[in-house]
Amino acid sequence: MIRRIPAWLFPRLTGAVAWALAGLVLSLILGISLMAWPHLSWAAWVGPEGRASNPLDPRSVHLAPLLVGTAARTFLMSLAVIPMGILTAVYLAEYAPSGSRTARMLRWLIQVLAGVPSVIFGLFGLGFFVGVVGGGLDRWTGDLASPVWGRPALLWASLTMALMTLPVVVVATEEALRSVSQDLRVAAIALGATRLQVLLRILLPNALPGMATGVILAIGRASGEVVPLLFTGAAVATQGSLALNERFMDLAYQVFVLSTQSPDPQASRPLLLASVWALVFLSLLLNAGAAILRSRATPAAPDRL
Amino acid sequence: MLAQRSFDPGPPRRRQIAFDTVTSEALQNPVCIEIQSLSLWYGPTQALRSVSLIVPERQVTALIGPSGCGKSSLLRCLNRMNDLIPGVRMSGGCRVGGVDVQDPQVDVTQLRRRVGMIFQKSNPFPQSVFDNVAFGLRIGGCSGSELEGRVASALRRAALWDEVRDRLGENALRLSGGQQQRLCIARAVAVEPEVLLMDEPASALDPVSVGRIEDLIRELREDYTILMVTHHMQQAARLSDQTAFLHQGELVEVDRTDRIFSQPRDPRTEDYVTGRFS
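Model, not experiment: these values are computed from the prediction. (Residues numbered from 1 in each chain as written. Chains lettered and ligands numbered in written order. Predicted model: local features only at pLDDT ≥ 70, side-chain atom pairs only at ≥ 80, totals over all residues.)

### Side note on the overall build of chain B
Going by this rule: Starting at the N terminus, helices and strands are each numbered in turn, a helix being any DSSP run of H or I of at least four residues and a strand any DSSP run of E of at least two. Any residue with 12 or fewer other C-beta atoms within 10 Å of its own C-beta is exposed, any with 20 or more is buried, and the rest are partly exposed; the C-beta atoms used are placed from the backbone. Here, residues touch in the contact sense if the C-beta positions derived from the backbone fall within 7 Å of one another.
Secondary structure summary: chain B contains eleven helices and ten strands in total. A burial count over chain B gives 46% of its 278 residues as buried. Considering only contacts in chain B between residues 6 or more positions apart, those separated by 24 or more positions represent 71%.

Laid out in structure tokens, this is it:
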């Protein structure tokens with residue numbers, strides 16, 4: 001049966017599918033760029049002089065504050081997810097007894113976390129961060145009438161995103177730590193290094209490119225994610241403040257709102273196209289960064305094949 | 001004077017072991033390493049069977065024997081690298097410079113600074129040449145101009161200085177295979193150990209590099225006690241003062257190298273050194 005399949009079939013079939021996908025991606029990028037191009041004027045980035053954002057008028061919103069908002073929430077998320085992810089991964093790779101029930105259970109739980117739908121993260125962020133943590137802070141400071149922390153805000157959205165992307169960072173970091181050559185570990189131990197010295201001076205520096213790849217992938221995933229933000233703090237327009245306890249503007253959220261709930265689709269079209277373009281190129285940029293880091297992850301040893 | 005230091009019992013010992021003298025006659029140097037009835041198990045597999053051996057100071061002792069006979073295991077007992085292997089168990093004892101290696105009071109990181117190790121596959125860190133040699137010194141708290149001086153002298157000691165003096169900032173992986181192995185020797189020597197354990201240090205190198213490593217071992221012998229595993233009979237004959245033959249975890253014979261190769265007492269030794277089995 002298998003012998004009857006002509007030899008040329010599989011190379012062509014697999015090639016055709018792969019190239020069709022590549023063509024799809026390229027035409028997507030090209031199409032978006034062509035459509036967005038006329039709307040990527042200087043005014044689209046910073047807006048006409050002297051006009052404040054008006055939530056009811058999409059023409060008054062522009063790209064710069066959207067990018068700033070997205071950058072702010074991604075930066076805050078990184079501040080939370082990088083230390084949490086690295087500490088967890090170091091424990092799993094170095095200290096948890098290998099093959100123990102604790103380690104296996106922890107790994108399983110992290111996999112579960114990776115599989116939780118983003119809408120659940122959104123609801124959890126609203127219930128836990130906004131309700132329990134923020135509400136608790138307000139109760140503690142005694143101001144219940146006008147909540148300061150117990151409302152959707154930049155900080156809670158960032159922490160929710162951190163939780164969502166935690167598995168990416170943990171898995172990449174643990175993998176990177178494990179792939180540091182055993183020879184290097186043994187060499188350091190034979191020179192009298194303690195376990196902590198091996199970790200700090202050999203394992204972490206050599207795992208850095210792999211860890212950075214994980215962080216960039218996490219940022220890439222989070223920067224384009226909308227659903228958790230619906231519950232935890234994104235807004236169509238703000239006064240432009242970036243306070244931790246205020247709502248914030250966001251690129252991906254703007255795309256979602258403009259494409260589904262715009263009161264005037266014709267008027268909001270330029271901003272929508274510009275936002276879509278910015279979002280696509282943001283993710284391209286981050287993926288390129290991850291690819292560059294990955295290629296550096298293997299040190300250039302001239303005697304290696 | 002050196003004899004005094006070697007027989008000095010060192011810090012207080014908990015476990016006292018009676019040591020018989022098991023060594024080659026006519027080796028005049030004082031004792032550096034005493035191994036007494038040492039047995040070693042990896043899980044249910046016994047790797048060493050009651051091995052006793054005395055290694056004199058500032059001489060080269062070669063360990064020969066077929067693959068899997070326990071040579072490397074014996075080396076790794078002396079700096080307790082076997083601790084890294086789960087399920088390892090030891091009985092009997094060994095003392096380095098009078099200190100019982102397995103004494104629970106011994107700081108194992110300090111022990112490994114006294115007993116340096118060179119591996120078969122050179123394993124420089126993917127860092128600069130300087131940082132490689134500085135590694136052991138830095139974790140010992142050395143810094144500044146003292147660090148620079150000690151790195152340079154270690155590189156000179158390993159006969160590498162002239163080749164790398166202008167390349168100290170370069171990644172060590174760019175050095176040739178033989179240079180990498182000498183860099184590893186410099187890295188081990190930098191922390192000024194008493195003993196150098198060498199596990200087939202030249203087996204993965206080209207003949208020219210092997211020659212350089214052998215010259216280096218001859219020089220290092222002036223200052224360090226060297227215990228070397230080798231599969232290369234001529235190398236053992238050329239380099240070592242004393243040779244020990246291990247077979248299936250048992251120390252069959254130890255003697256002055258010339259006698260091991262010219263008039264071995266045990267027929268198994270004779271078979272091995274004449275190449276009748278490997």
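### Considerations on unusual backbone geometry
Residues and elements named next belong to chain B. Even without being a glycine, Ser50 presents a positive backbone phi close to 45°. Relative to the elements of secondary structure, Ser50 occurs in strand S2 (residues 45–56). You can call Ser50 partly exposed: it has 14 C-beta atoms within 10 Å. Here Gln248, not a glycine, exhibits a phi torsion of approximately 50°, which is positive. Position of Gln248 among the secondary structure elements: in the loop between strand S9 (242–247) and strand S10 (250–256).

### Focus: the sheet that holds strand S1 (residues 31–42) of chain B
Hydrogen bonds between backbone atoms are what pair the strands of a sheet, whose relative direction is either parallel or antiparallel. Residue and element names in this part refer to chain B. How we decide: Each pair of strands is called paired provided DSSP finds at least two bridges between the two strands.
In spatial order, the strands read S2-S1-S4-S5; together these four strands make up an open sheet with antiparallel pairing. This sheet does not close on itself; its edge strands, each paired only once, are S2 and strand S5 (99–100). Sheet topology note: the S1/strand S4 (residues 88–96) ladder contains eight bridges and is antiparallel. The partner of Trp41 across the bridge, within S4, is Arg89.

### What about the environment of Ala290 of chain A?
As for its placement among the helices and strands, Ala290 of chain A is situated in helix H11 (residues 265–297). Sequence-wise, Ala290 of chain A and Leu191 of chain A are 99 residues apart; in three dimensions their C-alpha atoms are separated by 34 Å.

### Details of the confidence of the model for chain A
Residues and elements named next belong to chain A. Stated precisely, the cut-off is as follows: The predictor rates its confidence in each residue with pLDDT, a number between 0 and 100.
Averaged over every residue, the pLDDT of chain A is 87; residues scoring 70 or more account for 91%. Averaged pLDDT values for the elements of chain A fall to 71 in helix H2 (residues 42–46) and rise to 95 in helix H6 (residues 154–178). The low-confidence segment residues 300–305, where pLDDT is below 50, has three contacts with residues more than four positions distant or belonging to other chains.

### Some remarks on the sheet that holds strand S3 (residues 60–64) of chain B
Residue and element names in this part refer to chain B. Convention followed: Lines fitted to C-alpha atoms define the axes, with helix axes restricted to the stretch in contact, and inter-axis angles between N-to-C directions lie between 0 and 180 degrees.
One open sheet holds the six strands; their spatial order is S6-S7-S8-S3-S9-S10, and the pairing between them is mixed. Two strands lie at the open edges of the sheet, namely strand S6 (115–118) and S10, each paired on one side alone. Each neighbouring strand pair of the sheet contributes to a mean axis angle of 20°, computed without reference to strand direction. Pairing geometry for strand S7 (residues 195–199) and strand S8 (residues 225–229), over five bridges, is parallel. Each residue of the ladder has a partner; that of Met198, found in S8, is Met228.

### Regarding the packing of helix H7 (residues 182–190) of chain A against helix H8 (residues 195–223) of chain A
Residue and element names in this part refer to chain A. Short version of the rule: Just so you know how the angles are binned, under 35 degrees is roughly parallel, over 145 roughly antiparallel, 65 to 115 roughly perpendicular, and the rest oblique. Note: crossing handedness is left-handed where the near helix turns anticlockwise from the far helix by less than a right angle, and right-handed where it turns clockwise. Polarity classes work like this: nonpolar for Ala, Val, Leu, Ile, Met, Phe, Trp, Tyr, Cys and Pro, charged for Asp, Glu, Lys and Arg, and polar for all others, with Gly in that last group.
For the pair H7 and H8, the least separation of the axes is 10 Å and the interaxial angle reads 160°. Relative to H8, H7 is oriented roughly antiparallel. Like other packed secondary-structure pairs, H7 and H8 cross with a definite hand, here right-handed. Where H7 approaches H8, its residues Leu184, Arg185, Ala188 and Ile189 are matched on the opposing element by Val198, Arg201, Ile202 and Asn206. Here the residues of the contact of H7 with H8 sort into five nonpolar, one polar and two charged.

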